[in-house]
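# What the coordinates show
Now for the letters of each chain:
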Amino acid sequence: MTAASATRISVTPADLTITPRDRRFGRDEATPRWWHGNDPVASALYNALSATFPLGEAFFVESVRKYRDGAEPRLAGEIAAFTTQEVIHSREHLAFNRRAGDSGYDLAPLEAKVAERLALLRSKPPIASLAATMCLEHFTAILAHELLADPRHLAGADPATAELWRWHAAEEIEHKGVAYDTWLNATKAWPRGKRWRVKAKVMMLVTRNFIVDRTAGAIELLRQDGMFGARAWANLLWYQWVRPGMFRAIFSAWAKFFAPRFHPWNVDDRALIADYGANDATFRKVRSAA
Ligand SMILES: [Fe+2]
Ligand SMILES: [Fe+2]
């Protein structure tokens, strides 16, 4: 058995197209400080997530593009489309983060934590950055799935801002296989056991850091809102884990990552994107992939 046939071949749907939609959100009016249902806790969690995107998604692009040369033409094309989508996501979340700043939040401590994590990854061989990106892209894709599948997550949110999150979620679902396929290609000569051990270890690490850092980030923003101590923690943990409970809701999708024949497209959730597009006349494909 050759190395190529011993490895899992991608199950990315043959008819998948990744199409960047160059959209802008919330430029015309101020975003309310508590844009998410006038709720400081919900706003803090999403703001803490958004604070990571400009630096984080630039890192994803950098990590995947290092392996573009070894990719066959279809994957190379998907990497180009993924890059375009992530660059536009970074731009829109940078604009959103500025609006959070305009409404009085200081995101600098959260951004500093992201920069610290990424500097550590960049100090390691490039395959470590690709592995972390592949894991975080799965994490992002299952968050995106949950966000679109359960309307309670964005219930009551400022419409323009909710639209930003839905647009981002849709494109994360669409390109969810790209970092994974790049990883499969980059490690195709690895023994299967080594590949699993590395990806499992990296997933455990990035999951721990994701939960700890986003929680700490949201707690910092609540502190800036004057909410401290047990009350802030209880409200945030309830929101994260119980109702609507985003972190709890993604657990089974997260666990599937460790299955031997895992691939992000084992779950074909493009219907979520189709539903979204059908309900929103402005959700148009306005720019073709680079
Ligand atoms: Fe993104
Ligand atoms: Fe992504």
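Residues numbered from 1 in each chain as written. Chains lettered and ligands numbered in written order. Predicted model: local features only at pLDDT ≥ 70, side-chain atom pairs only at ≥ 80, totals over all residues. Heavy atoms only, no water.

## What about the coordination of the iron ion (ligand 2)?
By definition of the ideal shapes, a tetrahedral metal site with four donors has angles of 109.5 degrees and an octahedral site with six donors has angles of 90 or 180 degrees. Protein coordination of the iron ion (ligand 2) is provided by Glu86 (OE), Glu137 (OE), Glu137 (OE), Glu172 (OE), Glu172 (OE) and His175 (NE2), with donor distances spanning 2.0 to 2.7 Å. Between the iron ion (ligand 2) and the iron ion (ligand 1) the interatomic distance comes to 3.8 Å, and Glu86 is a ligand of both metals. Taken as a pair, Glu86 in helix α3 (residues 73-102) and His175 in the loop between α6 (159-174) and α7 (178-186) lie far apart in primary sequence, 89 residues in all. Note on His175: relative accessible area 0%, which makes it buried. (Donors = N, O, S within 2.8 Å, 3.2 Å for Na, K, Ca; no water. Helix = DSSP H or I, 4+ residues; strand = E, 2+ residues; numbered from the N terminus. Buried < 20%, exposed > 50% of the residue type's maximum accessible area, 1.4 Å probe, protein only.)

## Looking at the packing of aromatic side chains
As enumerated under the stated definition, the model contains 18 aromatic pairs in all. Counting every residue linked through ring pairs, the aromatic cluster contains Tyr180, Phe251, Trp254, Phe257, Phe258 and Phe262. Here the basic side chain of Lys194 rests over the ring of Trp190, its NZ or CZ set 4.1 Å away from the ring centre. Against the face of Phe257 rests Lys199, its NZ or CZ located 4.4 Å from the ring centre. (Phe/Tyr/Trp six-rings, centres within 6.5 Å; stacked < 30°, edge-to-face > 60°. Lys NZ or Arg CZ within 6 Å of the ring centre and 35° of its normal.)

## Topic: the confidence of the model for the protein chain
Of all residues in the protein chain, 91% attain a pLDDT of 70 or more, and the chain-wide mean is 92. Predicted confidence for residues 1-8 stays below pLDDT 50, and this span has 13 contacts to residues more than four positions away or in other chains. Taken together, the stretch residues 283-290 has pLDDT below 50 and engages in 24 contacts with residues farther than four places along the chain or on a different chain. (pLDDT = per-residue confidence, 0-100. Contact = heavy atoms within 4.5 Å.)

## As for the packing of helix α2 (residues 40-65) against α3
Taken N-terminus to C-terminus, the directions of α2 and α3 make an angle of 155 degrees; their axes are 8 Å apart at the nearest point. Relative to α3, α2 is oriented roughly antiparallel. Both α2 and α3 take part in a crossing whose hand is left-handed. Every residue of α3 that contacts α2 at Asn47, Ser50, Ala51, Phe53, Pro54, Glu57, Ala58, Phe60, Val61, Val64 and Arg65 is listed here: Ile79, Phe82, Thr83, Glu86, His89, Ser90, His93, Leu94, Phe96, Asn97 and Ala100. Residue composition of the contact of α2 with α3, by class: 12 nonpolar, seven polar and three charged. (Axes fitted to C-alpha atoms, helices over the stretch in contact; angles between N-to-C directions. Parallel < 35°, antiparallel > 145°, perpendicular 65-115°, else oblique. Left-handed = near helix turned anticlockwise from the far one by under 90°. Nonpolar A, V, L, I, M, F, W, Y, C, P; charged D, E, K, R; others polar.)

## Structural notes on helix α9 (residues 229-241)
For α9, spanning 13 residues, the distance from its first C-alpha to its last is 18 Å, which sits close to the expected 18 Å at 1.5 Å a residue. Buried residues along α9 sit against α2, α8 (192-224) and α10 (246-249). (Expected span 1.5 Å × (residues − 1).)

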